[in-house]
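Descriptive structure summary
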Amino acid sequence: MIYYSGKELFDRGYFLNFLKGPRGVGKTFLMKKRSTVRAVKKKSQFIWLRRYGTELDKDFRESFYRNIIKAANDPKAEMSEEDREELKDMHYKLEKNQIFASTKSYNGKDPIGYYYALSKTQAKKSVDYPIVNDVIFDEYIIKAKSTLHYLPNEFTTFMEFISTVTRLSRGKHVYCIGNNISFTDPYSLAFNMRPTKQRFTVYTNPANGKKNVCQEMYRNPEFENAMYNTEFGQIVQGTLYGAYAVENEALEDNLDFVAKKPPNALWRLGIRYCGVYIGFYLDMNEGRLYASRNYDRTSNRLYSLTREDHTLNTFLISNRKNMFMLRELASMFQHGDLYFEDVQLKTICLEMLPYIL
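What comes next concerns the included structure.

Moving on to the overall build of the protein chain. Helix and strand counts for the protein chain stand at 12 helices and 15 strands. With the C-alpha coordinates aligned to their principal axes, the bounding extent of the protein chain is approximately 70 × 50 × 40 Å. When burial is assessed residue by residue, the protein chain has 50% of its 357 residues classed as buried. Considering only contacts in the protein chain between residues 6 or more positions apart, those separated by 24 or more positions represent 66%.

See below:
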């Protein structure tokens, strides 16, 4: 099978799921098809989520099921005969945040789902969704320097909406799907998800020992071979873009300047940025400065660079250039002597450093 089937992820049955896979492998197609079939057969509903209202424009609404119907009428497409019969003559309409569809077994009178922008979900906090079984957040990761940006406090906004949908019910599922761009998105940071070659990783909440968060890093040799046999694939094979788009390697993460700090490195300072404490340690032997997740919680050299990160335990810096240790940090970076203990921490620091330089 060339395209993503999702069976192994669905069989695991976790509440909150993060799926990263190659471009064009069928993640969105599969989630859309599966949610629709479940809705029309079980008389349930689903929610399709994007980040901004501009992503839910006329083109989005008019083309929502276009490729599903096309595949259902193509005998060569990867689709079960049961799903093909259900969807091949489907008619649909998306309006006023509701998804209507008529299929073989459903007349389309009532909505089978909803489409929302995460940025506007605060207005839905008092709405009940008793028969919504699945929430799909499509394209949950965005590229750095894109015209789109993560929402302020996005993780909180997302979790508040999921709380609205699920309430005290059980058996509902959330699927966040995207490409493997980076591990510095708000969700990877919140759940401490790290780069891995392992297909499935389940995260345990240290507060209660419960396992309800699953990450899938999907690769498929059949898909890779098929893509690299196309004219486009022959162009990108062997490039960073090919590794990302076809082989599911992180686009914006690399191992340059990534190294563990030596045990004899000396504490210098700590900075709180984007809610994460970063400790900086100086190795006098090598003349290198290391950024680490470890930091001295008792130190009086804990700083913040923004008001959002300022706490009772940090000193908010107003004049960065007058502080020797920050000048040292900037100089070490500019001379290639600043190292990071992992890729995720590196990306956070690279985002933070312009505040200092």
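Let's shift gears to the nonpolar core. Judged by nonpolar contacts, the single largest core of 71 residues is most densely connected at Met31, Ile47, Tyr65, Ile112 and Phe158. Broken down by element, the residue count for this core peaks at 5 residues, all from helix H2 (residues 27–42). Core analysis: the second largest hydrophobic core is formed by 26 residues, Leu326, Phe340, Met352 and Leu353 among them.

Turning to the layout of surface pockets, a few remarks are in order. Of the volumes computed, that of the largest pocket is approximately 1300 Å³. As for the largest pocket, its lining consists of 34 residues, of which Tyr150, Thr184, Tyr273, Cys274 and Glu351 are closest to the centre. Per-element accounting of the lining of the largest pocket gives the leading share, 5 residues, to helix H12 (residues 343–352). Its residues placed into classes, the lining of the largest pocket shows 15 nonpolar, 8 polar and 11 charged.

Within the fold, Ile142 resides in the loop between strand S6 (132–138) and helix H6 (154–166). Leave out the neighbours within four places in its chain, and Ile142 touches Arg51, Leu148, His149, Tyr150 and Ile181.

Once that is clear, we can look at the packing of aromatic side chains. Aromatic ring pairs: the centre-centre distance and the angle between the two ring planes describe each pair. One pass over the full model with this rule turns up 30 aromatic pairs. Between Trp48 and Phe64, the aromatic rings sit 5.7 Å apart at their centres with planes inclined by 85°, giving edge-to-face as the arrangement. With Trp48 in strand S2 (residues 45–50) and Phe64 in the loop between helix H3 (58–63) and helix H4 (66–72), this residue pair connects regions lying 16 residues apart in the sequence. Across the pair, Phe64 and Trp48 agree in class, each one buried. Centroid distance Tyr116 to Phe161: 5.9 Å. Interplanar angle 90°. Geometry classified as edge-to-face. Taken as a pair, Tyr116 in strand S5 (residues 113–117) and Phe161 in helix H6 lie far apart in primary sequence, 45 residues in all. Exposure class is identical for Tyr116 and Phe161. Each is buried. An aromatic cluster is present here, built from Phe18, Phe137, Tyr140, Phe155, Phe158, Tyr187 and Phe191 joined pairwise through their rings. The side chain of Lys32 reaches across the aromatic face of Trp48, ending 5.6 Å from its centre. If you follow Lys32 out to its NZ or CZ, it ends over the ring of Phe64, 4.3 Å from the centre.

What counts, and where the lines are drawn
Residues numbered from 1 in each chain as written. Predicted model: local features only at pLDDT ≥ 70, side-chain atom pairs only at ≥ 80, totals over all residues. Heavy atoms only, no water. Helix = DSSP H or I, 4+ residues; strand = E, 2+ residues; numbered from the N terminus. Buried < 20%, exposed > 50% of the residue type's maximum accessible area, 1.4 Å probe, protein only. Contact = heavy atoms within 4.5 Å. Core = buried A, V, L, I, M, F, W, Y, C linked by side-chain atoms within 4.5 Å. 1 Å grid on protein atoms, 1.4 Å probe; cavity = no way out; pocket = protein on both sides within 12 Å on 5 of 7 lines; lining within 4 Å. Points joined across faces, edges and corners; volume = space filled by probe spheres on them. Nonpolar A, V, L, I, M, F, W, Y, C, P; charged D, E, K, R; others polar. Phe/Tyr/Trp six-rings, centres within 6.5 Å; stacked < 30°, edge-to-face > 60°. Lys NZ or Arg CZ within 6 Å of the ring centre and 35° of its normal.

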